[in-house]
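Observations on chain architecture
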Amino acid sequence: MGAKLRVYKRRIRSVTATKKITRAMEMIAASRVVKAQRKVAASTPYASELTRAVTAVATGSNTQHPLTTEVENPTRAALLLITSDRGLAGGYSANVIKASEQLTERLKAEGKEVDVYIVGRKGVSYYSFRERKIVESWTGFTDSPAYADAKMIAAPLIEAVQKDTADGGVDELHIVTTEFVSMMTQTALDDRLLPLSLDKAAAESEESAKGGEILPLFDFEPSAEDVLDALLPRYVESRIYNALLQAAASKHAATRRAMKSATDNAEELIKSLSRLANEARQAEITQEISEIVGGASALADATAGSD
């Protein structure tokens, strides 16, 4: 066997082993994304209704709560960035980091300082490599987040919002995550969690009413302010939990798509290498036949000359 043919055979074995790995990872991601989709579907109605309830309390009373009241001249904002702990997901983490950079530039252009909180090793690595300050970070659970993780993340954020900016607090809370639209589409987006945008929430309620949906009526006991004190932490936790689930589903879908692309590329490469190996083998056979024919001719000429 010629040296060139051995090289092709070795590369085919290597690519075949890689294809088996990417195929397995594709199947694992496909099973995980189905579970993640179910969790998103289960948590989204709760988060939406809780948002609607908080909006109803804030708009249905004259209570000026610090978590729903716009600051006249905001000077400091907190940004929660949700990335992945692992790679092999195409441009998933890169897209959400890019969205966070755009939001940071926009907030700074408005004259606000930005405190960054990060979920996921990819975001932490990005900021650490550039020696940027991270107020707090969390890692190790992005593939399958639990509600306890959302509570852990929400606690320092709520505390920062409730503090005065002179004491290290913030006036606004923004979140940058990835919305799961479909198996093929995941969109990086940013949203302001606090102060709650009452105009936006009221517009969503009006759209629901126009669509024929009956909106609930609420009575607040003992008072609207006490209800807000109890609801708003749950609101932040539920929104963060839903964002974590959306991000997890998006990551698994991105991994599945990336691994499928890698598997398809491996198959194409194997076909190409097999074709080159066959050509090399054919060239060897042709050369061997030519040598045999040439040897036979030379032997025949020698025999004829001796006669």
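Residues numbered from 1 in each chain as written. Predicted model: local features only at pLDDT ≥ 70, side-chain atom pairs only at ≥ 80, totals over all residues. Heavy atoms only, no water.

Some points on the nonpolar core
Formed by 45 residues in total, the largest nonpolar core has its most connected members in Leu-80, Ile-153, Tyr-235 and Ile-240. Those elements that place two or more of their residues in this core are helix H1 (3–59), strand E1 (76–82), strand E2 (113–119), helix H4 (147–162), strand E4 (172–180), strand E5 (186–194) and helix H6 (224–306). At 15 residues, H6 tops the list of elements feeding residues into this core. Apart from residues lying up to four places away in sequence, Ile-240 is in contact with Leu-80, Ala-150, Ile-153, Ala-154, Leu-157 and Leu-193. (Core = buried A, V, L, I, M, F, W, Y, C linked by side-chain atoms within 4.5 Å. Buried < 20%, exposed > 50% of the residue type's maximum accessible area, 1.4 Å probe, protein only. Helix = DSSP H or I, 4+ residues; strand = E, 2+ residues; numbered from the N terminus. Contact = heavy atoms within 4.5 Å.)

Comments concerning the pairing of E1
Burial of E1 is extensive: seven of the seven residues sit out of reach of the surface. What you see with E1 is no split at all: Arg-76, Ala-78, Leu-80 and Ile-82 on one side and Ala-77, Leu-79 and Leu-81 on the other are buried throughout. Pairing analysis gives seven bridges linking E1 to E2, with the strands arranged parallel. Directly across from Ile-82, in E2, lies its bridge partner Val-119. Two elements, E1 and E4, share five bridges in a ladder whose sense is parallel. (Pairing = 2+ DSSP bridges.)

Here we look at the sheet that holds E1
With respect to topology, five strands assemble into an open sheet ordered E3-E2-E1-E4-E5, the strand pairing being mixed. Single-partner strands in this sheet number two, and they are strand E3 (136–138) and E5. Strand-to-strand twist in this sheet, taken as the mean axis angle between neighbours without regard to direction, amounts to 20°. Sheet strands in contact with helix H2 (residues 92–109) are E1, E2, E4 and E5, and its direction is about 155° off that of E4. Sheet strands in contact with H4 are E1, E2, E3, E4 and E5, and its direction is about 160° off that of E3. (Axes fitted to C-alpha atoms, helices over the stretch in contact; angles between N-to-C directions.)

Things to note about the side chain of Thr-142
Mapped onto the fold, Thr-142 is located in the loop between E3 and H4. Separated by 3.0 Å, the side chains of Thr-142 and Asp-85 make a polar contact. Apart from residues no more than four positions distant in its own chain, Thr-142 is found in contact with Thr-83, Ser-84, Asp-85, Val-119, Gly-120 and Ala-248. (Polar contact = N/O pair within 3.5 Å; in protein donor to acceptor, adjacent residues only side chain to side chain.)

Structural notes on the packing of aromatic side chains
As enumerated under the stated definition, the model contains three aromatic pairs in all. On the numbers, 6.3 Å between centres and 15° between planes, the contact of Tyr-117 with Trp-138 is stacked. Residue Tyr-117 is located in strand E2, and its partner Trp-138 is located in strand E3; the two are separated by 21 residues in the primary sequence. Note on Tyr-147 and Tyr-241: the rings are 5.3 Å apart at their centroids and 75° apart in plane angle, and the pair reads as edge-to-face. (Phe/Tyr/Trp six-rings, centres within 6.5 Å; stacked < 30°, edge-to-face > 60°.)

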